[in-house]
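Spelled out, the chains give:
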Amino acid sequence: MKKAPLIIGNWKLNPVSQKAAVTLAQATIKACRGTNASIAIAPPFVYLSDVSKKISRSKILLAAQDVSTEPLGAFTGEIAASQLRDLKISYVIIGHSERRARGETDSDVVQKVTQALKNKLTPVVCVGEKERDAKGDFYTTVAKQIKALTAVFGTTDIKKIVIAYEPIWAIGTGKTATVEDVKEMQLFIYSVLTKVFDRKVANSVKLLYGGSVKPHNAKVLHADGGMGGFLVGGASLNATDFAAIVKATE
Ligand code: 13P
């Protein structure tokens with residue numbers, strides 16, 4: 001089944017000001033005009049409201065970079081899924097390796113996905129290994145992260161979850177996974193999902209690749225990597241580069 005590619009720009013802890021965020025959103029709208037892909041940008045929480053107004057009449061959707069495990073209440077510093085929904089956010093990145101490195105567990109990821117689904121946000125769950133070993137133990141790491149989801153979410157829910165394979169060694173390092181690495185992981189993730197559900201359900205789960213995706217490698221990664229799009233970090237801070245990546249998927 002051929003689905004429109006999905007490209008999400010994860011701005012992480014950038015840019016420096018509200019003004020710069022709105023300018024970047026505006027430039028991204030302009031640069032991505034005329035493309036058929038599904039596009040979302042994930043600014044920091046504090047910019048979501050203003051960026052939301054800026055992109056409201058464009059085809060670009062909004063993503064949040066995280067969400068609370070809790071629905072509401074005495075949880076200082078947290079942001080609830082219902083609050084994101086209220087801002088017309090469509091996607092939420094969950095379990096990014098930069099958050100897992102700060103203590104987020106598979107069980108937190110499951111709770112966050114539960115909150116997201118309850119509030120009609122599409123969870124984008126990040127999985128990926130710290131490093132690759134010759135024996136292939138890194139597959140076990142990825143399988144464990146995915147099985148944490150399949151243990152809890154059934155057929156209906158799993159189809160609503162996007163899984164982003166982001167090998168940690170490729171994030172922000174300029175070391176992109178090879179097309180073969182990406183293709184093998186795509187097949188592996190589908191095989192893990194197929195064992196729990198069936199091929200049809202597994203095939204309906206959208207997979208993304210993330211890790212040093214740039215204009216020069218996006219085309220081949222997309223054409224031969226078998227994923228359904230990209231989760232882009234650094235390159236999403238430059239509207240021209242981000243748009244070039246989007247266009248490479250068409
Ligand atoms: P880079 O594209 O900067 O490697 O970041 C990838 C990423 O972590 C997106 O979530």
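See above for the structure.
Residues numbered from 1 in each chain as written. Predicted model: local features only at pLDDT ≥ 70, side-chain atom pairs only at ≥ 80, totals over all residues. Heavy atoms only, no water.

Trainee: Just to check I follow, could you spell out the overall build of the protein chain for this structure?
Mentor: In terms of regular secondary structure, the protein chain is built from eleven helices and eight strands. Its C-alpha atoms give the protein chain principal-axis dimensions of about 50 × 45 × 30 Å. Across the 250 residues of the protein chain, 52% fall into the buried class. In the protein chain, 71% of the contacts between residues at least 6 apart in sequence involve partners at least 24 apart. Split by element, the accessible area of the protein chain, about 11800 Å² in all, is 54% carbon and sulfur. With 34 positive and 22 negative side-chain charges, the protein chain shows a spacing of 8 Å between the two charge centroids. (Helix = DSSP H or I, 4+ residues; strand = E, 2+ residues; numbered from the N terminus. Buried < 20%, exposed > 50% of the residue type's maximum accessible area, 1.4 Å probe, protein only. Contact = heavy atoms within 4.5 Å. Areas by Shrake-Rupley, 256 points an atom, 1.4 Å probe, with all protein chains shown as cover. Lys, Arg positive; Asp, Glu negative; His and termini not counted. Charge placed at Lys NZ, Arg CZ, Asp CG, Glu CD.)

Trainee: Any chance you could explain the layout of surface pockets here in plain terms?
Mentor: A probe matching the size of a water molecule, rolled over the atoms, marks out where space remains unfilled. Empty space within the largest pocket amounts to approximately 600 Å³. Leu 13, Phe 45, Gln 65, Asp 66 and Arg 99 are, among the 24 residues lining the largest pocket, the residues nearest its centre. Contributions of two or more residues to the lining of the largest pocket are made by α2 (45-55) and α4 (97-100). The element contributing the most residues to the lining of the largest pocket is α2, with three residues. For the lining of the largest pocket, the residue count by class is ten nonpolar, seven polar and seven charged. (1 Å grid on protein atoms, 1.4 Å probe; cavity = no way out; pocket = protein on both sides within 12 Å on 5 of 7 lines; lining within 4 Å. Points joined across faces, edges and corners; volume = space filled by probe spheres on them. Nonpolar A, V, L, I, M, F, W, Y, C, P; charged D, E, K, R; others polar.)

Trainee: What am I meant to see in the state of the cysteines here?
Mentor: A full pass over the atoms with the stated rule returns zero disulfides. No disulfide involves Cys 32; its sulfur sits 20 Å from the nearest other cysteine sulfur, which is in Cys 126. Using a relative accessible area of 3% as the deciding quantity, one classes Cys 126 as buried. (Disulfide = S-S within 2.5 Å.)

Trainee: Would you mind going over the pattern of salt bridges with me for this structure?
Mentor: Side chains carrying opposite charge are able to pair once their charged atoms draw close together. What the rule picks out here adds up to eleven salt bridges. A salt bridge links Asp 106 to Arg 100; the nearest nitrogen and oxygen atoms lie 2.7 Å apart. The partner of Glu 104 in a salt bridge is Lys 112, and the shortest N-O contact between them spans 2.7 Å. A relative accessible area of 7% places Lys 112 in the buried class. Connected through salt bridges with shared partners, the residues Asp 66, Arg 99, Glu 104 and Lys 112 form a single ionic network. (Salt bridge = Lys/Arg side-chain N within 4 Å of Asp/Glu carboxyl O.)

Trainee: I keep staring at the packing of helix α8 (residues 179-196) against helix α10 (residues 215-225) and nothing clicks. Help me out?
Mentor: Think of two packed helices as two axes; the pair is described by the angle between the axes and how far apart they sit. Taken N-terminus to C-terminus, the directions of α8 and α10 make an angle of 35°; their axes are 9 Å apart at the nearest point. When the axes of α8 and α10 are compared, the crossing they make is right-handed. Of the residues in α10, those in contact with Val 179, Val 182, Lys 183 and Gln 186 of α8 are Val 220, Leu 221, Asp 224 and Gly 225. Looking at the contact of α8 with α10 residue by residue, the classes come out as four nonpolar, two polar and two charged. (Axes fitted to C-alpha atoms, helices over the stretch in contact; angles between N-to-C directions. Left-handed = near helix turned anticlockwise from the far one by under 90°.)

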